[in-house]
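Summary of the model geometry
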Amino acid sequence: GAGVSQTPSNKVTEKGKYVELRCDPISGHTALYWYRQSLGQGPEFLIYFQGTGAADDSGLPNDRFFAVRPEGSVSTLKIQRTERGDSAVYLCASSLIPGGSSPLHFGNGTRLTVT
Amino acid sequence: RKEVEQDPGPFNVPEGATVAFNCTYSNSASQSFFWYRQDCRKEPKLLMSVYSSGNEDGRFTAQLNRASQYISLLIRDSKLSDSATYLCVVKGDNTNAGKSTFGDGTTLTVKP
């Protein structure tokens, strides 16, 4: 079946611009996660949703970052006034349920470059 | 101190070797544990879950020691295709069942 889909796969933007990154999870998965990964590091947690609500947004670095999942399926990560330090690969993952031994299934990621 | 710590390596081993990676975690209430594999410029993919009694999947064996808060991964008879970064993942605690925290990974290179 279809896996997690992320668009765009690459995004180049200028410092100060606004960007939106989209994630379409595996059908039926209730939990959706956003991570970002820089070179040489593991994925860094940003936020996760259970259904439509953000269950934990403790990883969002500041108020320039915001994410929504209005219908409990597709999610959008929004970054305002981008900075060069925001450059990274943004990974989305979904899991059948948030807890227990249900593993995360990742999309291919969006490589964001802020110039 | 990071919540999940791994030796970054790199581990360079010949084909056929046995190699072991360790991972330590700081939250004693952590509930679930996993090993993921990540190839260069690709997304992480689940390698195996880690169970309290230890578990094996072919050439791969995972162990969990809750008392010492560490997880291990043993790879026997290494193949060239095992070359990748191995990520240790710790999930959930008493207040947050869903959050998964990743280590920075251990890089393995298997050489002919």
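Look up: the structure comes first, before these words.
Here we summarise the structure given alongside this text. (Residues numbered from 1 in each chain as written. Chains lettered and ligands numbered in written order. Predicted model: local features only at pLDDT ≥ 70, side-chain atom pairs only at ≥ 80, totals over all residues. Heavy atoms only, no water.)

1. A word on the overall build of chain B
Condition: Every helix listed is a DSSP run of H or I at least four residues long, and every strand listed is a run of E at least two residues long, numbered separately from the N terminus. Radius of gyration: C-alpha atoms only; globule rule: 2.2 Å multiplied by the number of residues to the exponent 0.38.
Counting its secondary structure elements, chain B contains zero helices and eleven strands. Its helices and strands taken in sequence order, chain B reads β-β-β-β-β-β-β-β-β-β-β from the N to the C terminus. Its C-alpha atoms give chain B a radius of gyration of 14 Å, near enough to 13 Å, the size a compact globule of 112 residues would have. A principal-axis box enclosing the C-alpha atoms of chain B has dimensions of 45 × 30 × 20 Å.

2. Re the packing of aromatic side chains
To be explicit about the condition: Stacked, tilted and edge-to-face are the three classes assigned to paired rings of Phe, Tyr and Trp, where Trp is represented by its six-membered ring and a pair needs centres within 6.5 Å; plane angles under 30 degrees give stacked, over 60 edge-to-face, the rest tilted. Burial classes: relative accessible area under 20% of the type maximum marks a residue as buried, over 50% as exposed, and values in between as partly exposed (1.4 Å probe, protein chains only).
A complete count under the given rule lists 13 aromatic pairs over all chains for this structure. Considering the side-chain rings of Phe-11 of chain B and Phe-21 of chain B, the 5.2 Å spacing of their centres and the 75° angle between planes classify their relative orientation as edge-to-face. A residue pair is termed long-range when its members are at least 10 positions apart, and Phe-11 of chain B in strand S2 (residues 11-14) and Phe-21 of chain B in strand S3 (residues 19-25) qualify at ten residues. Residue class for Phe-11 of chain B comes out partly exposed when judged on its relative accessible area of 23%. Look at Phe-21 of chain B and you get buried, because its relative accessible area is 2%. Each residue in the set Tyr-33, Tyr-35, Phe-45, Tyr-48 and Phe-106 of chain A together with Phe-34, Tyr-36 and Phe-102 of chain B is aromatic and connected to the rest through ring pairs, giving one cluster.

3. Considerations on unusual backbone geometry
For the bond from Thr-7 of chain A to Pro-8 of chain A, the omega torsion is -10°, close enough to zero to count as cis. On the secondary structure map, Pro-8 of chain A appears in the loop between strand S1 (5-7) and strand S2 (10-13). With omega at 5°, the peptide bond leading from Gly-9 of chain B into Pro-10 of chain B counts as cis. For Pro-10 of chain B, the location among the structural elements is in the loop between strand S1 (4-6) and S2. The phi torsion at Arg-41 of chain B lies on the positive side, around 60°, for a residue other than glycine. Despite not being glycine, Asp-77 of chain B has its phi angle at roughly 50°, a positive value. Looking at where Asp-77 of chain B falls in the secondary structure, it is placed in the loop between strand S8 (70-75) and strand S9 (84-91).

4. Points about the side chain of Ser-49 of chain B
Residues and elements named next belong to chain B. Short version of the rule: Whether two residues are in contact is decided by their heavy atoms: any pair within 4.5 Å suffices.
Turning to its location among the elements, Ser-49 is positioned in strand S5 (residues 45-50). For Ser-49, a relative accessible area of 12% gives the class buried. Those residues in contact with Ser-49 that sit more than four places away from it in its chain are Phe-33, Phe-34, Asn-55 and Ala-62.

5. Points about the nonpolar core
Generally speaking, soluble globular proteins have nonpolar side chains that are buried together. This is how it is decided: Each nonpolar core is a collection of buried residues, namely Ala, Val, Leu, Ile, Met, Phe, Trp, Tyr and Cys, held together in the definition by side-chain atoms within 4.5 Å.
The biggest cluster of nonpolar side chains holds 23 residues, and the ones touching the most others in it are Phe-21, Trp-35, Ile-71, Leu-73, Ile-75, Tyr-86 and Leu-108 of chain B. Elements supplying a minimum of two residues to this core: S3, strand S4 (32-38), S5, strand S7 (60-65), S8, S9 and strand S11 (106-111) of chain B. The contact partners of Tyr-86 of chain B, leaving out residues within four places of it in the chain, are Gln-6, Phe-21, Trp-35, Tyr-36, Arg-37, Leu-47, Phe-60, Leu-73, Ile-75, Gly-105, Thr-106 and Leu-108 of chain B. Judged by nonpolar contacts, the second largest core, of 20 residues, contains Val-4, Phe-49, Ile-79 and Tyr-90 of chain A.

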